[in-house]
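Residue strings, one per chain:
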Amino acid sequence: MKYKITGGTILQMGANAALCPVQADLYVADGKIAHVGTLADDTDYETVDAKGLLVIPGLANMHTHAYMSFMRGCADDVSFDEWLFRRVMPIEDAMTGEDAYWSALLGCMEMISTGTTRITDMHMFKGDVPRAMRDAGIRANIGRGLVGDDLTTDGASRFREAMEEMAEYKSDLLDFILAPHAIYTCSERLLRQVNDKAHELSLGKEIHLAESRKEYEDCIKAHGKSPVEYLTELGFLDERTLLAHCVQLDGEDYRLLSESGAHVVLNPVSNAKLGNGAPNYLKMNQHGLRICIGTDGAASNNSQNLFHEMNYFSLLQKAQCRDPKIATAQETLRMATMNAGKVFGKKTGLIEEGYLADLTFLDMNALALTPANDIASALVYSANGSEVDSVMVGGNFVYRKKEFTAIDRERVLYETARIAKKYL
Ligand code: NI
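The structure contained in this document is the topic of the report that follows. (Residues numbered from 1 in each chain as written. Predicted model: local features only at pLDDT ≥ 70, side-chain atom pairs only at ≥ 80, totals over all residues.)

**Let's talk about the overall build of the protein chain**
For step 1, the next point in the chain: Check the secondary structure of the protein chain and you find 15 helices and 19 strands.
For step 2, the next point in the chain: Computed over its C-alpha atoms, the radius of gyration of the protein chain comes to 21 Å, within 12% of the 22 Å expected for a compact globule of 424 residues.
For step 3, the next point in the chain: Here the analysis covers contacts within the protein chain between residues at least 6 apart in sequence; of these, 73% occur between residues at least 24 apart. (Helix = DSSP H or I, 4+ residues; strand = E, 2+ residues; numbered from the N terminus. Rg over C-alpha atoms; globule rule 2.2 N^0.38 Å. Contact = placed C-beta atoms within 7 Å.)

**Some details on the sheet that holds strand β19 (residues 403-404)**
For step 1, the next point in the chain: Taken in spatial order, the seven strands line up as β3-β2-β7-β16-β17-β18-β19 in an open sheet, and their pairing is mixed. Sheet topology places β3 (19-23) and β19 at the edges, where each strand pairs with a single neighbour.
For step 2, the next point in the chain: With five bridges connecting them, strand β7 (residues 53-57) and strand β16 (residues 359-363) associate as antiparallel partners. Paired with L54 across the bridge in β16 is L362. (Pairing = 2+ DSSP bridges.)

**Observations regarding the packing of helix α2 (residues 97-113) against helix α3 (residues 128-136)**
For step 1, the next point in the chain: It is the contact of α2 with α3, at a shortest axis distance of 8 Å, that shows an interaxial angle of 35°. The handedness of the crossing between α2 and α3 comes out as right-handed. Between α2, through G97, E98, A100, Y101, A104, L105, C108 and I112, and α3, the contact on the second element is made entirely by D128, V129, R131, A132, M133, D135 and A136.
For step 2, the next point in the chain: Its residues assigned to classes, the contact of α2 with α3 comprises ten nonpolar, one polar and four charged. (Axes fitted to C-alpha atoms, helices over the stretch in contact; angles between N-to-C directions. Left-handed = near helix turned anticlockwise from the far one by under 90°. Nonpolar A, V, L, I, M, F, W, Y, C, P; charged D, E, K, R; others polar.)

**Points about the packing of α2 against helix α15 (residues 409-423)**
For step 1, the next point in the chain: Where α2 meets α15, the axes come as close as 9 Å, and the angle between the chain directions of the two elements is 125°. Judged by the angle between their axes, α2 and α15 are oblique. Between α2 and α15 the crossing geometry is left-handed. Within the contact between the two elements, α2 uses D99, W102, S103, L105, L106 and M109 and α15 uses R409, V412, E415, T416 and I419. (Parallel < 35°, antiparallel > 145°, perpendicular 65-115°, else oblique.)

**A closer look at the pairing of strand β2 (residues 9-13)**
For step 1, the next point in the chain: With five bridges joining them, β2 and β3 adopt antiparallel strand pairing. In the sheet register, Q12 faces β3, and the bridge partner there is C20.
For step 2, the next point in the chain: Direction of pairing for β2 relative to β7: parallel, over a ladder of two bridges. Paired with I10 across the strands is V55, a residue of β7.

**A short note on the nonpolar core**
For step 1, the next point in the chain: One finds V55, L105 and C108 to be the most contacted residues of the largest nonpolar core, which totals 135 residues.
For step 2, the next point in the chain: In terms of residue count, α2 provides more of this core than any other element does, ten residues in total.
For step 3, the next point in the chain: In this structure, V55 is in contact with I5, G8, T9, I10, L11, L26, A50, I351, L359 and F361, ignoring residues within four places of it in sequence. (Core = buried A, V, L, I, M, F, W, Y, C linked by C-beta atoms within 7 Å. Buried ≥ 20, exposed ≤ 12 C-beta atoms within 10 Å, placed from the backbone.)

**Some remarks on the sheet that holds strand β11 (residues 174-180)**
For step 1, the next point in the chain: Here eight strands make up an open sheet; going across it, the order is β8-β9-β10-β11-β12-β13-β14-β15 and the pairing parallel. What marks the edges here is a single partner per strand, and that holds for β8 (59-64) and β15 (290-293). Direction aside, neighbouring strands of the sheet carry axes that sit 25° apart on average.
For step 2, the next point in the chain: Most of the contacts of helix α4 (residues 156-169) go to strand β10 (residues 139-146), to which it runs at about 160°, and overall it touches β10 and β11.
For step 3, the next point in the chain: The strands touched by helix α5 (residues 188-201) are β10, β11 and β12 (204-209); relative to β11, the strand with the most contacts, the crossing angle is about 155°.

**Focus: helix α6 (residues 213-223)**
For step 1, the next point in the chain: Looking at α6, one finds that the buried residues are E215, Y216 and C219. Viewed along the axis of α6, the buried residues span an arc of 100°, placing them on a single side of the element. Opposite the buried face of α6, at more than 90 degrees from it, the exposed residues are E217 and K221.
For step 2, the next point in the chain: Those residues of α6 that are buried lie in contact with α7 (227-233).
For step 3, the next point in the chain: Within two residues after α6, G224 carries a phi angle of roughly 70°, on the positive side. (Arc of directions from axis to C-beta.)

**Here's the deal with the environment of R158**
For step 1, the next point in the chain: Looking at the secondary structure, you find R158 in helix α4.
For step 2, the next point in the chain: Sequence spacing of R158 and G145 is 13 residues, and the spatial spacing of their C-alpha atoms is 7.4 Å.

**Describing the environment of Y423**
For step 1, the next point in the chain: Within the secondary structure, Y423 is located in helix α15.
For step 2, the next point in the chain: Counting along the chain gives 352 residues from Y423 to M71, while the straight-line C-alpha distance between them is 8.8 Å.
For step 3, the next point in the chain: Not counting residues within four places of it along the chain, the set of residues in contact with Y423 comprises I91 and A94.

**A look at unusual backbone geometry**
For step 1, the next point in the chain: A cis amide bond links N301 with the next residue in sequence, N302, at an omega value of 5°.
For step 2, the next point in the chain: Checked against the element boundaries, N302 lands in the loop between β15 and α11 (306-321).
For step 3, the next point in the chain: For D30, which is not a glycine, the phi torsion comes out positive at approximately 55°.
For step 4, the next point in the chain: Among the secondary structure elements, D30 is positioned in the loop between β4 (26-29) and β5 (32-36).
For step 5, the next point in the chain: Overall, D30 belongs to the exposed group, with 10 C-beta atoms counted inside 10 Å.

Quick look at the structure:
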């Protein structure tokens, strides 16, 4: 489909990446942004009336586990170890692939309806999770979680699953990455093997890193190094590596991360809720780290709504630093759009000619956005996601006038309620 989106306000980036709302027509063709402005011949384009709507780059949730969506509220107000090892993991062990499919679809519905067009998802259900992403029409980097001592022995079946689902589901919208779970569930040997495979197959990598104080201290005890130093010495960190959390950083860690080119995805709500602390954004920024944002899974957030995450992140940083000038609305919005676009080399996160047509349309007459004296402020400090009217991914509407175009909403709600009853 070719679309001429007319009558709306388009959010572009100006000089120095400052936000720049313009009144202009926006043309979409072949899944990409064809033009912003006026086209002499637009006869082939279907007109989309965007009067009263603000069109922004689709938001990117760069760390989540959509299959956990039905676990919302299953393990609140407990310690990290209790949460992971005694609450979440037993449910994961009992879950079926079909359960994961419906749960992941529920997560995609929540994300799409709150303006997210792209996600990075680490999961453990071969084929079922990519199938949910495909059916939802969302753009995703998908990694089957890897754990164990060696990719050729105890880690072999998971790695094979990762390769098989990539072969079956890779598409324009679905990319695949290698996702070793964490340094405390993967051996040094396995991490080295994953790194070699990533280079051999030209794949990106994602890992949870420096999330809890225990992880940090255990790493010092086992290796005499911080988690960041440990991965640096393994040669694991590079521009195609995405590190989730990075709350427990110290000393040289910031410089090492900066020099490595690795991307950091912050999950402030999950970190706070599990009592793991808050990332030191000030230091990250001083060292020029590449920072994006994500929600983490619904078992630890309990929301998949990036408007909520952006708001919390910015306010938390201001409170923590006792400085209202830190984590500005514009910086925070860039984390969820432009910065994320630089991860795994996707042309997303900006509304410019040649970029992928991943767009979120917001109702500017929604009470919380009125009057929008400052667009970034409206999006980060006032919006709650309910203002999202329509969402386009790769030039197709997946959500239009608050209705899903491909997902059977009632069926997903029925199935996930049924699944939750089995385990919770
Ligand atoms: Ni996670």
